[in-house]
Amino acid sequence: MQGFIHDDFLLTTEPARRLYHEHAERMPIFDYHCHLSPAEIYENKQFSDIGEAWLAGDHYKWRVLRANAVPEEYVTGNASYRDKFDRFAAIMPGLIGNPIYHWSHLELKRFFGIDELLSSQTADSVWERANSKLQSPAGAARSLISESNVRALCTTDDPVDDLRYHRLLAEDNSFTTKVLPTFRPEKALDILSAGYPAYLQKLGAASGIYVRTLDDVKQALAARVEYFASCGCRLSDHSFGAPDFTVWDEGAAEEAMSKALAGEQLLDYEVAAYQSAIMDFLGGLYADKGFAMQLHIGAIRNLNTQRFRSIGVDIGCDSIGDTIPAASLAALLDRMAVRGKLPRTILYTLNAADNDKLIAAAGCFQDESTAGKIQFGSAWWFNDHFDGMTAQLKSLANIGVLSRFVGMLTDSRSFLSYPRHEYFRRVLCELVGGWIASGMAPADYDGIGKIIEDICFNNIWQYIGLE
C-alpha cells in the first residue's frame, strides 16, 4: 500500500512529475539562511532521541502544542523528551492543513524510512526506529547534513562572535559541506533594547574601538565586517518590523544614541534616524565587500509579555506585523543606489500583503552588475507552507522574473529540516508543471527543466559567488 509520503507527493500532473523527478530532485542544497549552531556542526552533535532533535528549539511545534492546551512543562519546560514527544505525537493527527504535518512526515520518511503516520498509536514504533538511527554515527549532525546533499550552508552570527567554529570547520577537510557565517548586526540596530548599552561594550571589545558615538558604532561594525569577510562571510541579515527609512537626520541619530546610553526615552523619529543612518552605512560596507544583504521585514516580536518574562525570546510568541510603507523601503534602497553602494539584496516579508509591493520595488533597482540583483526572497516563516510558497512564486512570476529566483532556505535551528527544500521543490514543480498541463507554458522540458534546476541551486550558488 502506498504511504502518505510517496514519490509523487504533491505532484498532480505529469509535467509536474517530470520536472521534479528529472530536474529538481537531483539538485544539491545550498541552505543560505539557517540558525544551526556552528559549534554543534563542528563537534558533530549526537542527539539523545527524536524528542530532542525535533522539539528542543522548534517554536513552530511549540505553538501547535500550546494551541492544543498542552501544559508548558511539555513544551519548553522540564518534562522528559519522551514525554514531550508523546504529547506531540498525540496532537499530530489534528494538524491536518498545517505545514508541520507535511514537514514532520517528510522528515520521518527521508531520514528514518518511516511510512507510518505519527499518532499516539504509532509513537512507540516511531520513537524506537528514529532513535536507532539518531543514536548511531548516521544520526550525528554532520551525517544528517551530508545525507541531505547539502553543498553549503550559512549560519546566523552576531558581529561580536569570534567565529572560532567557522574557522575550525574551514580547516577540517573531513567535512566537505561549506559552513559560512552570516553577519547579523541585530543588537547594534535595536537601540530601544534595554541591553543596547551593554551590547555596545561587547562590540567595542570585539572590534578594539571604544564605542560612545555614532561614528564609533560605524567604525566598530566596519571592523567586524572586515573580520567576517576574512572568515568566508558572503551574506548579512537584518530583521525589522515596519521601519521608517524615510527619515534622514544624522543629528537625530546622534541624539538617539546619546539618549539610549543615558537610559532616556527616545522619540520614534530619533529611532528611525538612527536605524536609517546605520543601515545606509552598512549597505555601503556590504557593497564594498561583496556581501549580499538580506532584509527580513514585517515581524512583530514577543507579543505575550507574561511568557516573554518567564521564558524569553524566540519561543513562539512572535507574529505577523504591519506592512512596510513603500516609501520607506524605496528610501533605503535609493540612498544606496544614488551613491553607487547598493549591494545585492534579498527582500523577505512576513506580511504576504507586501508580496507585490516588494517585487515591484525590487524591479526599480535591478542593474547590469548581477542578474536578479534585488531578489524577492522565499516565503518566510508564517508563509512557508503550500499556499504561501505558491503565492510568493506566482507574484514573483507575474511582476518579476521567476527564472532568476534564488530559491529556498530552511531558516531553521533543526538538523532535520532539510526536507523543507524538497517540499519547496515539489510546490515549485506542481505550479510550473500545472502551467504546462494547462497550456500556459510550453512543454519545453529541457528549457524549463533548466530553470527549475537554477531555482533549486544554481542561482543562489552564483549569486553568493561560490561558482
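Presented here is an overview of the structure given in this document.

Conventions used here
- Along each chain, residues carry numbers from 1 onward, in the same order as the chain's sequence is written.
- For this predicted model, a pLDDT threshold of at least 70 governs which residues receive local features, and a threshold of 80 or more governs which side-chain atom pairs are given and counted, while totals over whole chains, interfaces and linings are taken from all residues.
- Heavy atoms throughout the structure, all of them, feed into the side-chain values; hydrogens and water do not.
- Note on pairing: two strands pair once DSSP finds at least 2 bridges between them.
- Counting from the N terminus, the helices are the DSSP runs of H or I reaching at least four residues and the strands are the DSSP runs of E reaching at least two.
- Any two residues having at least one pair of non-hydrogen atoms within 4.5 Å are treated as being in contact.
- Axes here mean lines fitted to C-alpha atoms, for a helix over just the part in contact, with angles spanning 0 to 180 degrees between N-to-C directions.
- Any carboxyl oxygen of Asp or Glu within 4 Å of a side-chain nitrogen of Lys or Arg constitutes a salt bridge here.
- For every residue, the accessible area (1.4 Å probe, protein chains only) is compared with the maximum for its type, and the residue is labelled buried under 20%, exposed over 50%, or partly exposed between those bounds.
- Residues belong to one nonpolar core when they are buried, are Ala, Val, Leu, Ile, Met, Phe, Trp, Tyr or Cys, and are joined through side-chain atoms within 4.5 Å.
- Paired rings are identified among Phe, Tyr and Trp, the last through its six-membered ring, by centres lying within 6.5 Å, and are further divided according to the angle between planes into stacked (under 30 degrees), edge-to-face (over 60) and tilted (the rest).
- Expected helix span is computed as 1.5 Å times (number of residues minus one).
- Two cysteine sulfurs form what is called a disulfide whenever their separation falls within 2.5 Å.
- Pairs of N or O atoms within 3.5 Å make up the polar contacts considered here, provided that, within protein, one atom can donate a hydrogen while the other can accept it, and that residues adjacent in sequence are counted only when both atoms are side-chain atoms.

Section: the sheet that holds strand β5 (residues 235–240)
An order of β4-β5-β6-β9-β10 is seen for the 5 strands of this open sheet, with the pairing classed as parallel. Here the strands that pair on one side only, and so sit at the sheet edges, are β4 (182–183) and β10 (374–376). Two elements, strand β6 (residues 292–297) and strand β9 (residues 345–349), share 5 bridges in a ladder whose sense is parallel. Note that in β9 the partner of Leu-295 across the bridge is Leu-347. On top of the sheet, helix α17 (residues 355–363) reaches β9 and β10; it is set at about 165° to β9, its chief contact.

Structural notes on the pattern of salt bridges
Oppositely charged side chains can form a pair if their charged atoms are brought close together. This structure, assessed with the given rule, holds 27 salt bridges. A salt bridge links Asp-318 to Arg-301, with the shortest nitrogen-to-oxygen separation between them at 3.4 Å. With Asp-318 in the loop between α15 (305–310) and β8 (319–320) and Arg-301 in the loop between β7 (299–300) and α15, this pair connects stretches of sequence that are 17 residues apart. On the accessibility criterion, Asp-318 (5% relative accessible area) is buried. When its relative accessible area of 32% is taken as the criterion, Arg-301 is described as partly exposed. Across the pair Glu-422 and Arg-426 runs a salt bridge, and its minimum N-O distance is 2.8 Å. Of this pair, Glu-422 and Arg-426 both sit in helix α19 (residues 419–438), 4 residues apart, which is roughly one turn of the helix. One exposure class covers both Glu-422 and Arg-426, and it is buried. Several salt bridges converge on common partners, so that one network encompasses Arg-66, Glu-72 and Arg-307.

A look at the nonpolar core
Within the largest apolar cluster, 157 residues are counted, with the highest numbers of intra-cluster contacts made by Phe-30, Tyr-32, Phe-88 and Tyr-274. When residues of this core are assigned to their parent elements, the largest contribution, 10 residues, is made by helix α14 (residues 268–289). Leaving out residues up to four positions away in the same chain, Phe-88 has contacts with Trp-54, Leu-55, Lys-61, Val-64, Leu-65, Leu-95, Ile-100, Ser-104 and Leu-118.

Details of the pairing of β5
Judged by how many residues are buried, β5 sits mostly within the fold: 6 of 6 residues are covered. The alternating pattern of β5 places Leu-235, Asp-237 and Ser-239 on one face and Ser-236, His-238 and Phe-240 on the opposite face, and all of these are buried. When β4 meets β5, the two strands line up parallel, connected through 2 bridges. When the sheet's bridge partners are listed, Phe-183 is paired in β5 with Ser-236.

Side note on the packing of aromatic side chains
Under the definition given, this model contains 20 aromatic pairs. Measuring from ring centre to ring centre gives 6.3 Å for Phe-183 and Tyr-286, while their planes differ by 70°; the resulting arrangement is edge-to-face. Of this pair, Phe-183 sits in strand β4 while Tyr-286 sits in helix α14, placing them 103 residues apart in sequence. Here Phe-183 matches Tyr-286 in class, with each residue buried.

Details of α19
In a regular helix each residue adds 1.5 Å, so 20 residues correspond to 28 Å; α19 covers 28 Å between its end C-alpha atoms and thus fits that length. In terms of residue burial, α19 counts as a mostly covered element, since 16 of its 20 residues are buried. Once α19 finishes, Gly-439 follows within two positions and takes phi at roughly 85°, a positive value.

Some words on the state of the cysteines
Enumeration over the complete set of coordinates arrives at 0 disulfides. Cysteine Cys-456 shares no disulfide, and the gap to the nearest cysteine sulfur, in Cys-429, comes to 6.1 Å. Classification of Cys-456 as buried rests on a relative accessible area of 6%.

Regarding the sheet that holds strand β2 (residues 150–154)
By way of backbone hydrogen bonds, the strands of a sheet pair with one another, either parallel or antiparallel. Taking strand neighbours across the sheet as the criterion, the 3 strands line up as β1-β2-β3 in an open arrangement whose pairing is parallel. A single partner strand is all that each edge strand has here, and the edge strands are β1 (29–31) and β3 (178–180). The mean angle between the axes of side-by-side strands here comes to 10°, regardless of whether they run parallel or antiparallel.

Description of unusual backbone geometry
With a phi close to 70°, Leu-10 is a non-glycine residue in the positive phi region. Inspection of the secondary structure puts Leu-10 in the segment before α1 (14–22). A positive phi is found at Ala-69, a non-glycine position, where the angle reads about 60°. Locating Ala-69 in the fold gives a position in the loop between α4 (59–67) and α5 (81–91).

Observations concerning α4
In an α-helix, one full turn covers 3.6 residues, which means residues spaced three or four apart are oriented alike. A large share of α4 lies buried, amounting to 7 of its 9 residues. What α4 keeps buried is the set His-59, Tyr-60, Lys-61, Trp-62, Val-64, Leu-65 and Arg-66. Those residues of α4 hidden inside the fold are in contact with α3 (50–55), α5, α6 (99–112), α15 and α19. Regarding α4, its N-cap is Asp-58, as a side-chain oxygen of that residue lies 3.0 Å from the backbone nitrogen of Tyr-60 further along. Looking one or two places after α4, you find Ala-69, whose phi comes out positive at around 60°.

On their own, these measurements won't tell you what the molecule is for.
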